[in-house]
Every structure is written in C-alpha cells, then in structure tokens.
Amino acid sequence: MTETESSQSLSATMQPPPLLTVKDVTKVHRQGEVEVPVLRGLSCVIPERAFVFIVGPSGSGKSTLLYLLGALDAPTTGEISFGSLSLNRMTADERDRYRREEVGFIFQNFNLLSTMSAVDNVLVPSLPQGTSPEKRQEAVELLKRVGLGHRLTHRPGQLSGGEQQRVAIARAILKRPKLVLADEPTGELDSENGRQIFQYLRELQRERGSTVVTVTHDERYFEEGDVILEIRDGRIIPSS
C-alpha cells in the first residue's frame, strides 16, 4: 500500500459512521385529486454526533425531510435507515418507541403545556414511564444549565419566547436521545435569543453526543465542521 493509499484508508476509518441514511426518498402530498411532489428522489447521509443544518428556499421540502427522519411521517417511496433499522419497516408501536427513546423534538412554536411548570414541561416525555426523584433533579439541572434556574416553577405564559425555547431544548435533551430534530427553533426569536439557543444546543450536543439536525434559514449560525444539506426542488444540492 502506498503512502497516499494508507492516508486515504486512515481518513476513511476516522469518518464517523452514519446515524441516518436516506436513499431515493420521495414524498407526495394529495390535494383533492391533485398529487403534489415535495421530495423527488432525495438521498443523503447524516453522521453520528454531527451538527447538521437543512437549508433551502420555502417549500423546498426541508421540514418534510425533518418529519420523515423523526418518523412523524412516512415517505411515499424510498428508504430511511436509523443505523441498521429501517424506519419504513417499523410497526406503529416500533415507530412510537423510536420517537420516545431515540429522538428529541424541538419545534418553532415550543409545544409546551400551559398548565405545567418549566420543570414539569421538561419531564413530559418521561411521564408514561414515571418520573423518579433522580429524573426530576436531572430536569432541574438541565434548566439551570440553560440559564433557567430562577424559572423552575414558572408556567409558559410567564416565560419569554427565548425562555420557552430553552425549556423545549431541555425537554428534548433530557432523555439523552441519539437524534435531536429542530424545526426553525429560532424562527420566533430575536437575534440575541437565537444566538443563545444555538449556543446551548451546541454545548449540550457536545456533552451528550447527540446528532442535531436543524432546519433554518439563517446561515449566521453555521460553524466550521457543520454538515450543510441544501435542498432545492425536493433534492439535495451537491456541495461545491
């Protein structure tokens, strides 16, 4: 083996393995008798422990792809794999378990329960299995970690938009998911709050080793080493 071949082989072995593999995926919505294609044979690989941005113009299929990765929807054709598991072939119960155990969701509209405190909102995904004192303490520590130690008992109506989004981040991270999916998490926030949200996301991602996939229109949050997936007309545009 030549020195160049050895270097290439070493580089290949250092690449993180794929967490998600998307192959020739299409998604078609029906509007009455009309079929509206959204994704058109899209393929991509999302590595483990990566910080990934999905970008592109409105209507290009960004959020559709995000929902497919989280098994909130199913592709019309094609294959999506989580490690060695095919999302397409999962039963309804298996998809529920995948979302519950492997995926943390962060949405633009926060999706917090108005009658619950910040701590209890963080604990919501754990409620079906029951919450231990240790789990509650972990929720408290996460809220402190994102600067909300003084807001633990406050309900969403008593929190600013940036504070509500930080509660949503803590909720998504609490179960230590392998995958965190964020759909325009700073879309309703000002620039400073948006910057802080991504700072917290990156810190928690590094500490917990999750893969974070974010839909955004704002390139200011990109950093060196991020994976950028650009979608146009339902397909991934090769990076230049």
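Structure first, text after, so check above.
Cut-offs applied
- Residues numbered from 1 in each chain as written.
- Predicted model: local features only at pLDDT ≥ 70, side-chain atom pairs only at ≥ 80, totals over all residues.
- Heavy atoms only, no water.
- Core = buried A, V, L, I, M, F, W, Y, C linked by side-chain atoms within 4.5 Å.
- Buried < 20%, exposed > 50% of the residue type's maximum accessible area, 1.4 Å probe, protein only.
- Helix = DSSP H or I, 4+ residues; strand = E, 2+ residues; numbered from the N terminus.
- Contact = heavy atoms within 4.5 Å.
- Polar contact = N/O pair within 3.5 Å; in protein donor to acceptor, adjacent residues only side chain to side chain.
- 1 Å grid on protein atoms, 1.4 Å probe; cavity = no way out; pocket = protein on both sides within 12 Å on 5 of 7 lines; lining within 4 Å.
- Points joined across faces, edges and corners; volume = space filled by probe spheres on them.
- Nonpolar A, V, L, I, M, F, W, Y, C, P; charged D, E, K, R; others polar.
- Pairing = 2+ DSSP bridges.

What follows concerns the nonpolar core. Ranked by size, the top nonpolar core spans 35 residues in total, and within it Ile106, Val119, Val122, Leu143, Val167, Ile169 and Leu201 carry the most contacts. For this core, the elements supplying multiple residues, two or more each, are β3 (51-55), α4 (118-123), α5 (133-145), α6 (161-174), β7 (179-183) and α7 (191-208). Broken down by element, this core gets its largest block of residues, seven residues, from α6. Non-local contacts of Ile169, meaning those with residues more than four positions away in its chain, are made with Ile106, Ile197, Leu201 and Leu204. Counting 31 residues, the second largest nonpolar core, distinct from the first, contains Ala50, Leu68, Leu69 and Leu87.

All right, on to the side chain of Arg171 then. Mapping Arg171 onto the fold places it in helix α6. Side-chain polar atoms of Arg171 contact the backbone oxygen of Asn111, separated by 2.8 Å. Among residues more than four places away in sequence, those in contact with Arg171 are Phe105, Phe110, Asn111, Leu112, Asn121, Val122 and Pro125.

Turning to unusual backbone geometry, a few remarks are in order. A positive phi angle, near 45°, is found at Glu184, a position not held by glycine. By secondary structure assignment, the location of Glu184 is in the loop between β7 and α7. The phi dihedral of Asp233 is positive, around 55°, even though this residue is not glycine. When you line up the elements, Asp233 lands in the loop between β9 (227-232) and β10 (235-237).

Of the voids in this model, the largest pocket is the one considered here, and its volume is about 360 Å³. In terms of lining residues, the largest pocket is bounded by 16 residues, among which Phe105, Val124, Pro125, Arg171 and Lys175 are the most central. Broken down by secondary-structure element, the contributors of at least two residues to the lining of the largest pocket are α3 (92-102), β6 (103-107) and α6. Tallying contributions element by element places β6 first for the lining of the largest pocket, with four residues. Here the residues of the lining of the largest pocket sort into nine nonpolar, three polar and four charged. Reported here for the second largest pocket is a volume of approximately 200 Å³. Taken together, the elements giving at least two residues each to the lining of the second largest pocket come down to β2 (34-47) and α2 (62-69).

Attention now goes to the pairing of β7. Counted residue by residue, β7 has five buried out of five residues, so it is predominantly covered. Side-chain alternation along β7 places Leu179, Leu181 and Asp183 on one buried face and Val180 and Ala182 on a second face that is also buried. Relative to β7, β6 is paired through five bridges, and the arrangement is parallel. Its bridge partner being in β7, Phe105 is matched across the sheet by Leu181.

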